[in-house]
Amino acid sequence: MPPPDANLHPSATGLAAKTVEEHSAEQDLKLYAGWFCPFVQRAWLVLEEKKIPYQYIEVNPYHKPDSLLKLNPRGLVPTLQYANKPLYESTVLCEFLEDAYPDHTPHLLPSDPYERARTRIWTDFGTSRIIPAYHRFLQFQPMSDKEGLEERKKEFLGYLQQFVSEMDEEGPFFGGKDVGMIDLIIAPFALRLWVFDHFKGGSGIPDEGKGGVMDNVWNRFRKWLQAIEALESVKKTSSEREHFVPIYQRYADDTAQSELAKATRGGKGVP
Ligand SMILES: N[C@@H](CCC(=O)N[C@@H](CS)C(=O)NCC(=O)O)C(=O)O
C-alpha cells in the first residue's frame, strides 16, 4: 500500500509556481507549505490578499523535515515562522496575519463588533461542521454502498446550505462586496469541489435552475464561488488540477481505505 504522498508532485505548478518563485528570497516571515494543501492555501490567500512580504518554503509534511519539526512538533503545514518564532493552525495563522500587519489592506474582518463576532460563528461552523462533513463524504467507502454515500452527501450539502443562507443577500462575498477572512477560510475547499465529480459521482450541488425550492440558495452559492474563482489571490495560489488527481485517487480506491483510515486515526491531516 503506497504512503499518502507516494504520488505527490514535488512542487507547485501553473500560476502558483510563479508565485512560489517570486517568494523564494529570504524574508523574516516564512510560510512552510505544501502546494496541494487547502489549509495552507487559507494562510497563503491571506498573505497574497494583504501583500505581506513572505518567503514560501515547500516541504513535504508526510516526510517531515527537521526544519519543520523544529517549528511544529506535529509536523503539519501550514506552519509560519515569525521573528524566529513558530505558529501553526491555519485559522489561527489567518487571524494572526490580520493582527500583526495592521497597515496591510484589505482588512479582512468586519470593523463592526457584531458582524465580526457573527463572522467568527460562521467561520467556526465552516471549520467544525462543513469541512469535516466534506472529508467524510470524500473518504466514504465502499462506493457500492449507495445509501451510505447518499447520507454523507446529504450531510455535507445540508451544512453548506446553512452556511450559504447566512451570506449577505447581494454579495458576492459572505459579508457583502468585499472579500473577507471567512471567504478565504472556506474557499480552498470550495475550489476543490470538482474532486467529488471526479471520484464520488458528483458533489450533489444542483445545476442552475435544478435546485427546486433551494434554487435561491444554490444561486447564491454559485455567485459566491464565481467571485472566489475570480480573485487574483486564488489564481496565484492554485496549481494545475492534474497534479491533484493522484493525491485524491486514494479516496476512490476501496483497497486503500483501511490504510487511509489508520493514517487518519493517527491524527494525520488530509489534503
Ligand atoms: N488543523 C490543521 C490541519 C493541517 C493539515 O492537516 N495539513 C496536512 C496537509 S493538507 C498535513 O500537514 N499533513 C501531514 C500529516 O498528516 O502528517 C490546520 O488547520 O492547519
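About the thresholds
- Residues numbered from 1 in each chain as written.
- Predicted model: local features only at pLDDT ≥ 70, side-chain atom pairs only at ≥ 80, totals over all residues.
- Heavy atoms only, no water.
- Pairing = 2+ DSSP bridges.
- Helix = DSSP H or I, 4+ residues; strand = E, 2+ residues; numbered from the N terminus.
- Axes fitted to C-alpha atoms, helices over the stretch in contact; angles between N-to-C directions.
- Domains from an automatic or database assignment.
- Contact = heavy atoms within 4.5 Å.
- Buried area = accessible area lost by both parts, 1.4 Å probe.
- Salt bridge = Lys/Arg side-chain N within 4 Å of Asp/Glu carboxyl O.
- Polar contact = N/O pair within 3.5 Å; in protein donor to acceptor, adjacent residues only side chain to side chain.
- Parallel < 35°, antiparallel > 145°, perpendicular 65-115°, else oblique.
- Nonpolar A, V, L, I, M, F, W, Y, C, P; charged D, E, K, R; others polar.
- Core = buried A, V, L, I, M, F, W, Y, C linked by side-chain atoms within 4.5 Å.
- Buried < 20%, exposed > 50% of the residue type's maximum accessible area, 1.4 Å probe, protein only.
- Right-handed = clockwise from strand over helix to strand, strands pointing away.

### Let's talk about the sheet that holds strand β2 (residues 55-58)
If you walk across this open sheet you meet the four strands as β2-β1-β3-β4, and the pairing is mixed. With one partner strand each, in any of the chains shown, β2 and β4 (85-88) form the two edges of the open sheet. On average, each strand axis in the sheet is tilted by 25 degrees relative to the strand beside it, whichever way the strands run. As judged from the three bridges shared by strand β1 (residues 30-33) and strand β3 (residues 79-82), these two strands associate in the antiparallel manner.

### Side note on the domain arrangement of the chain
Interfaces are often sized by the amount of accessible area the parts lose when they come together. Assigned domains within the chain: domain 1 (14-107 + 249-265) and domain 2 (113-235). Computed from C-alpha atoms alone, the centre-to-centre distance between domain 1 and domain 2 is 22 Å. Of the residues lining the interface, 24 residues belong to domain 1; the matching set on domain 2 comes to 24 residues. Together, the buried faces of domain 1 and domain 2 total about 2200 Å²; carbon and sulfur atoms form 61% of this surface. For the domain 1 face of the interface with domain 2, the top three residues by lost area are R42, L45 and Y251, together amounting to 29%. Scanning the region where domain 1 abuts domain 2 turns up one salt bridge. With a closest N to O distance of 3.0 Å, E95 and R120 form a salt bridge. Put simply, domain 1 and domain 2 have five residue pairs in polar contact (both at pLDDT 80 or more) between them.

### A few points about the packing of helix α5 (residues 113-139) against helix α7 (residues 181-190)
Between α5 and α7, the shortest axis-to-axis distance is 10 Å and the interhelical angle comes to 10 degrees. Regarding the angle of α5 to α7, the classification is roughly parallel. Residues T119, W122, T123, G126, T127, I131, Y134 and H135 of α5 form the contact with α7, whose own contacting residues are I182, I185, I186 and F189. Considered class by class, the residues forming the contact of α5 with α7 number seven nonpolar, five polar and no charged.

### Here we look at the nonpolar core
Ranked by internal contacts, the top residues of the largest apolar core, which has 82 residues, are L97, F156, F163 and F221. Two domains each put at least three residues into this core: domain 1 (14-107 + 249-265) and domain 2 (113-235). The residues contacting F156, other than those within four sequence positions of it, are I130, A133, Y134, F137 and L193.

### Things to note about the pairing of β2
In terms of strand pairing, β1 meets β2 through four bridges, oriented parallel. Its bridge partner being in β2, A33 is matched across the sheet by E58. For the segment spanning β1, helix α2 (residues 38-50) and β2, crossover handedness is right-handed.

### A closer look at the packing of α2 against helix α4 (residues 90-100)
For the pair α2 and α4, interaxial distance at closest approach is 8 Å and the crossing angle is 10 degrees. Between α2 and α4, the crossing angle belongs to the class labelled roughly parallel. Between α2 and α4, the contacting residues are F39, R42, A43, V46, L47 and K50 on the first element and S90, T91, L93, C94, L97 and E98 on the second.

### Considerations on the pattern of salt bridges
Tallied over the full model, the rule gives 11 salt bridges. The salt bridge partner of E22 is K18, with a shortest N-O separation of 3.5 Å. Residue E22 and its partner K18 are both found in helix α1 (residues 14-22); the two are separated by four residues, about one turn of the helix. What makes E22 partly exposed here is its relative accessible area of 46%. For K18, a relative accessible area of 52% gives the class exposed. A salt bridge links E150 to K153; its shortest N-O distance comes to 3.6 Å. Of the two residues, E150 and K153 both sit in helix α6 (residues 146-165), three residues apart, roughly one turn of that helix.

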